[in-house]
Amino acid sequence: MSEDSADQANPQGEDTASADSSVSAKLKDLQRRLELAQDPGSESAKAKRDAAGLTTPRQRIDALLDEGSFTEIGALGQAPGDPTAPYGDGVVTGYGRIGGRPVAIYAHDKSVFGGSVGETFGKKVTEVMDMATRVGIPVVGINDSGGARIQDAVTSLAMYSEIARRQVPLSGQSPQISILLGPSAGGAVYAPVTTDFLVAVDGRTQMFVTGPAVIESVTGEKISMEELGGARQQARNGNISYVAANEDEAFNYVKDLLDFLPSSAFDELPQYWAPNDSLTERDKELNSIIPDDPNAGYDMMDVLTRIFDDENVLEVQGDYGSNVITAYARIDGQTVGVIANQPMVLAGCLDAEAADKASRFIRINNAYNIPLVFVVDTPGYLPGAEQEKVGLIHRGAHLGFALADATVPKVTVVVRKAFGGGYAVMGSKNLTADVNLAWPTAQIAVMGAEAAVVMMKGKELAAMPPEKRVVAKKMFMDFYNANMTSPYVSAERGYVDAIISPEETRVQLRQALRQLAHKRTPREKKKHTILPM
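Rules behind the numbers
Residues numbered from 1 in each chain as written. Predicted model: local features only at pLDDT ≥ 70, side-chain atom pairs only at ≥ 80, totals over all residues. Heavy atoms only, no water. Helix = DSSP H or I, 4+ residues; strand = E, 2+ residues; numbered from the N terminus. Buried < 20%, exposed > 50% of the residue type's maximum accessible area, 1.4 Å probe, protein only. Contact = heavy atoms within 4.5 Å. Areas by Shrake-Rupley, 256 points an atom, 1.4 Å probe, with all protein chains shown as cover. Lys, Arg positive; Asp, Glu negative; His and termini not counted. Charge placed at Lys NZ, Arg CZ, Asp CG, Glu CD. Axes fitted to C-alpha atoms, helices over the stretch in contact; angles between N-to-C directions. Parallel < 35°, antiparallel > 145°, perpendicular 65-115°, else oblique. Nonpolar A, V, L, I, M, F, W, Y, C, P; charged D, E, K, R; others polar. Pairing = 2+ DSSP bridges. Right-handed = clockwise from strand over helix to strand, strands pointing away. Core = buried A, V, L, I, M, F, W, Y, C linked by side-chain atoms within 4.5 Å. Domains from an automatic or database assignment. Buried area = accessible area lost by both parts, 1.4 Å probe. Salt bridge = Lys/Arg side-chain N within 4 Å of Asp/Glu carboxyl O. Phe/Tyr/Trp six-rings, centres within 6.5 Å; stacked < 30°, edge-to-face > 60°. Lys NZ or Arg CZ within 6 Å of the ring centre and 35° of its normal.

This part is about the overall build of the protein. Along the backbone of the protein there are 20 helices and 17 strands. Within the protein, the proportion of its 533 residues that are buried is 50%. The contacts of the protein with a sequence gap of at least 6 include a subset with a gap of at least 24, amounting to 73%. Counting every atom, the protein has about 24300 Å² of accessible surface; 55% of that belongs to carbon and sulfur. A distance of 6 Å separates the average location of the 52 positive side-chain charges in the protein from that of its 68 negative side-chain charges.

What follows is the structure, given as structure tokens:
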């Protein structure tokens, strides 16, 4: 038994063997047990928790779920073979509703065995996961775990495996969301990062495979918990979807996220209010949002908050690969997944991290039948030896593969640059986008004029007298832009369906998705595709 639970009183009480077998006595005994189960941790563990100002697992569940909707299961579960073991075995499990829709939920109880995974713990969690698989509802896990329960030996590891096995049938069927409210190490991090979305709290969440003490003992490297596995660091590592400032913000993000998602891949998307097709002042602001200088930066979020139903654009993994924005928004009151380049970071170039982030986001949305909207302004893939070292070739290929493999409706808007491989993987018609739109500010080509003049006219310009080079270079670039990068060239060849005024974008997107509402894509009969190396 852990130190935190050593002073736990016998939950069965001294009067368990009482001869009084009346109905009233049995009801009284039930009530006593249920009261013990409400906060079953040791007095020392609870005092430590309360002194730190931390909430209980039931308080966390109540804060996340609709009021009064929680139905608990397994409250009286105990570690087998130990009549003095505390109720719950370190986890609270059950069902409830968020936004009126059913979810399965579990929350670790750090005051019982440190929230570590034991046999009954594992059985309780797998029970709600099995139910979620059968009925098609999301699973939300509130994680605050000490990891494997050492005294349970291989049984604890077996329970981790049982939980992991249930994640496979749920994956792509029902949304899985993890909230990390404390340190998680070893096996305690693998289950959360296997879920669709992982939400952390700044200053509270820490996650790593091995902690600082083990690292120092093996490698001699000294590193703090926060530097190694703090929420912000792990968000930059690509392991976290969103870092909240506090617990309440984390719960609110999960509620907002579920508002965008279906209960399962077999359910319709939630429907919300939408404005009509009349142009608004916000629409007209798009006409002046792109700088005259094609190399000047601007915030792509200023575009995104104007081309959907409203300004409600929920970003996912904003701290990772931030040269690409992945987010949820609504068109005609229904969810769309958004993949957009961010010119404010690396000029919107695609690197290995951005490719990983976008390709996974595409696969999540394809699984849940959420249409995709690409908003494009990219000079292409980021060049350099460092990107080659980290595997840009195969990681970049994942993005094109995910795009071509996705069967949901796909609509693309090129607002400025779409060069080279970036053009192809950011929703090109050739990689199965259904409707491709472009603003008159769009530039679509193998490369931009600056790069092309070096490749095609570099030697010729170098041979010219210096006073003639500037004029000659400008003449070539003007010719190149008029005949190569112009969006009208792509429109002439059928790679762009329409060139539209920016102010029309919101309405054009709505009309495109209405047209694609009943899209059907036949799939070949085979087991599955094989991801690029």
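The next subject is the packing of helix H5 (residues 154-170) against helix H6 (residues 187-194). Packing of H5 against H6 brings their axes to within 10 Å, and their N-to-C directions diverge by 10°. With respect to each other, H5 and H6 are oriented roughly parallel. Contacts from Tyr160, Ile163 and Gln167 in H5 reach Gly187, Ala188, Ala191 and Thr194 in H6. Here the residues of the contact of H5 with H6 sort into four nonpolar, three polar and no charged.

Burial of strand S3 (residues 101-108) is extensive: six of the eight residues sit out of reach of the surface. Of the strand pairs in this sheet, strand S2 (residues 91-98) and S3 are connected by eight bridges, and their pairing is antiparallel. When the bridges of S3 are listed, Tyr95 appears paired with Ala104. Between S2 and S3, which pair antiparallel one after the other, the connecting turn spans two residues, and Gly99 there sits at a positive phi close to 65°. When S3 meets strand S4 (residues 139-143), the two strands line up parallel, connected through four bridges. Directly across from Ala107, in S4, lies its bridge partner Ile142. Traced from S3 through helix H4 (residues 119-135) to S4, the parallel crossover comes out right-handed.

All right, on to the nonpolar core then. Inside soluble globular proteins, nonpolar side chains tend to come together where they are buried. By size, the foremost hydrophobic cluster in this structure holds 58 residues, and its most contacted members are Leu64, Ile142, Ile179, Tyr328, Ile339 and Ile362. Each of two domains, domain 1 (38-260) and domain 2 (281-442 + 496-516), supplies a minimum of three residues to this core. Residue contacts for Ile142: discarding those within four places in its chain leaves Arg60, Ile61, Leu64, Ile105, Tyr106, Ala107, His108, Ile179, Leu181 and Phe251. If you look at the next biggest cluster of nonpolar residues, it comprises 30 residues, including Tyr298, Val373, Ala512 and Leu513.

Per the domain assignment, the segments of the protein are domain 1 (38-260) and domain 2 (281-442 + 496-516). The C-alpha centroid of domain 2 is placed 33 Å from the C-alpha centroid of domain 1. The interface of domain 1 with domain 2 comprises 22 residues on the first partner and 18 residues on the second. Between domain 1 and domain 2, a total of about 1500 Å² is buried, with carbon and sulfur atoms accounting for 56% of that surface. In this structure, the connection of domain 1 to domain 2 is made through one salt bridge.

Now for the pattern of salt bridges. A side chain with one charge can pair with a side chain of the opposite charge if their charged atoms come near. Here the structure, examined in full by the defined rule, presents 34 salt bridges. Among the ionic pairs, Asp202 bridges to Arg232, the shortest N-O distance being 3.6 Å. Here Asp202, found in the loop between strand S7 (197-201) and strand S8 (206-208), pairs with Arg232, found in helix H9 (residues 231-236); they are 30 residues apart in sequence, far enough to count as distant. Residue classification places Asp202 among the partly exposed positions, given a relative accessible area of 33%. What makes Arg232 partly exposed here is its relative accessible area of 33%. Overlapping salt bridges, with partners in common, bring together Arg60, Lys110, Asp144, Arg204 and Glu247 in one network.

Counting through the fold element by element, Tyr190 comes out in helix H6. Judged by relative accessible area, which is 45%, Tyr190 ranks as partly exposed. C-alpha separation for the pair Tyr190 and Ser42, spaced 148 residues apart in sequence, amounts to 28 Å.

Moving on to the packing of aromatic side chains. Each aromatic ring pair is specified by the distance between its two centres and by the angle formed by the two planes. Going through the model one piece at a time under the given rule, you end up with five aromatic pairs. A ring pair is formed by Phe197 and Tyr328, whose centres lie 6.4 Å apart and whose planes are at 65°; its orientation type is edge-to-face. Of this pair, Phe197 sits in strand S7 while Tyr328 sits in strand S11 (residues 324-331); the two residues are 131 residues apart in sequence, bridging distant segments of the chain. Of the two residues, Phe197 and Tyr328, both sit in the buried class. Tyr328 sits in the buried class, given a relative accessible area of 0%. The aromatic ring of Phe260 is capped on one face by Arg330, whose charged end is 4.1 Å from the ring centroid. Across the ring face of Tyr272, the terminal group of Arg330 is positioned such that the distance to the ring centre comes to 4.0 Å.

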